[in-house]
Amino acid sequence: MQLQLKHQTLDLSRPQIMGILNVTPDSFSDGGTYTTISAAVDHCARMLKEGADIIDIGGESTRPYAPKVSPEEELARVIPVVEALRQRFAVPLSLDTSTVQVMTAGIAAGADMINDIRALSRPGALEAAAALQVPVCLMHMQGTPQSMQVKPHYDNVVAEVLAFLKARAHACERAGIKRENIILDPGFGFGKSVRDNYALLNALPQFATLPYALLIGLSRKSMIGAVIHENDPKARVNASAAAAMLCAERGAHILRVHDVKVTAQMLAVLQAVKEAACY
Ligand code: PT1
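Residues numbered from 1 in each chain as written. Predicted model: local features only at pLDDT ≥ 70, side-chain atom pairs only at ≥ 80, totals over all residues. Heavy atoms only, no water.

Following the sequence through the fold, Leu267 ends up in helix α10 (residues 260–276). As a C-alpha pair, Leu267 and Lys178 span 89 residues in sequence and 28 Å in three-dimensional space. Ignoring any residue separated from it by four or fewer positions in sequence, one finds Leu267 in contact with Pro15, Ile17, Ala248 and Leu255. (Helix = DSSP H or I, 4+ residues; strand = E, 2+ residues; numbered from the N terminus. Contact = heavy atoms within 4.5 Å.)

Structure representation (structure tokens):
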């Protein structure tokens, strides 16, 4: 399996590491300043050195209860960073956005793909993504970031998430997005109980057998904190790596992570095991 980016292809025969680059300053006025941009460039350089294959740039915080961001604010945060990274690095850049203006301006500024936690559900997003002809990641969420953790409920979480993602993938194909360029994501932590999240993790092989690439993001999330009794996200690094390893082993193609180095090390172990299976 491989992704067709504008200027390169991304081989998915081994799990790829997507490094997280948040550009979500506390104040709007901080977007596009020298401090924001140089911090983003430094962070990107570090993740590349540690083994990142893709950089995911996000200007909207989507963790539970995060406040909403206006399109203007999101544009001011994201576009200068995309431009600065594109000037300096050849690595594929992903836009973590649901906003049509950010998709269009971000791809024009040199980004390579779209990662939408709202699965291209905003008016015009599906059509815009299809016209841009870039890979898209479609994620499942129940509710909105503001409400999703209030009372998540499913009769059968695995069946419902699978059905949603298949339907969105088919809608994308009908809109003209090539199957090779569709990535699915069960959306760990997005309107799911701890039990729901682990049921999805366990069932990943069912997602991995669909004819689409599979991305997972669970780095430092509450589902990790809940089982190791750790409230500080920064203290969830080791357990996050272990969970990402299980996802890679269950067929995930792209791992979206904060901690690139430990993820690369653990993938090296997985690769050694896979090679041993060929002897
Ligand atoms: C994700 C993801 C994302 N996660 C994709 N994009 C976030 N494709 C942002 C918590 O429970 O999984 N896939 N973009 C971050 N969102 C969250 C959600 C962060 C839940 C934290 C939690 O702690």
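We now examine the state of the cysteines. Taken as a whole, this structure holds 0 disulfides when the rule is applied. No disulfide involves Cys247; its sulfur sits 13 Å from the nearest other cysteine sulfur, which is in Cys137. (Disulfide = S-S within 2.5 Å.)

Take the sheet that holds strand β3 (residues 16–22) next. Around the barrel, which closes on itself, the 8 strands sit in the order β3-β4-β5-β6-β7-β8-β9-β10 with parallel pairing between neighbours. Ignoring strand direction, the axes of neighbouring strands in this sheet form an average angle of 25 degrees. Of the strand pairs in this sheet, β3 and strand β4 (residues 54–58) are connected by 5 bridges, and their pairing is parallel. Each bridged residue has a counterpart across the sheet, and for Ile20 the counterpart in β4 is Asp56. On top of the sheet, helix α2 (residues 71–88) reaches β3, β4 and β5 (93–96); it is set at about 175 degrees to β5, its chief contact. (Pairing = 2+ DSSP bridges. Axes fitted to C-alpha atoms, helices over the stretch in contact; angles between N-to-C directions.)

Turning our attention to unusual backbone geometry. Unusually for a residue other than glycine, Tyr65 sits at a positive phi of about 70 degrees. Examined against the element boundaries, Tyr65 turns out to sit in the loop between β4 and α2. One non-glycine residue with positive phi stands out, namely Gln133, at about 55 degrees.

Below, the discussion takes up the site of the ligand. Near the ligand there are 16 residues, and of these Asp96, Asn115, Asp185, Lys221 and Ser222 occur at the shortest range. Ser222 is positioned with one of its side-chain polar atoms (N or O) 2.6 Å from an oxygen atom of the ligand. A distance of 3.3 Å is found between a nitrogen atom of the ligand and a side-chain nitrogen or oxygen belonging to Arg256. Relative to its unbound accessible surface of 510 Å², the ligand loses 93% to contact with the protein. (Near = heavy atom within 4 Å. Polar contact = N/O pair within 3.5 Å; in protein donor to acceptor, adjacent residues only side chain to side chain. Areas by Shrake-Rupley, 256 points an atom, 1.4 Å probe, with all protein chains shown as cover.)

Axis separation between α2 and helix α3 (residues 100–108) bottoms out at 10 Å; the angle between their running directions is 20 degrees. In terms of their interaxial angle, α2 and α3 are classed as roughly parallel. Considering only the axes of α2 and α3, their crossing is right-handed. Contact with α2, carried on its side by Pro71, Glu74, Leu75, Val78, Ile79 and Val82, involves Gln101, Val102, Ala105 and Gly106 of α3 and no other residues of that element. Partitioning the contact of α2 with α3 into residue classes produces 7 nonpolar, 2 polar and 1 charged. (Parallel < 35°, antiparallel > 145°, perpendicular 65-115°, else oblique. Left-handed = near helix turned anticlockwise from the far one by under 90°. Nonpolar A, V, L, I, M, F, W, Y, C, P; charged D, E, K, R; others polar.)

The next thing to look at is the side chain of Ser94. Positionally, Ser94 belongs in strand β5. On the basis of relative accessibility, which here comes to 0%, the residue Ser94 falls in the buried class. Reaching out from Ser94, the side chain makes a polar contact with the side chain of Asp56 at a distance of 2.6 Å. In this structure Ser94 touches Met18, Ile54, Ile55, Asp56, Ile57, Met113 and Asn115, once residues within four positions along its chain are discounted. (Buried < 20%, exposed > 50% of the residue type's maximum accessible area, 1.4 Å probe, protein only.)

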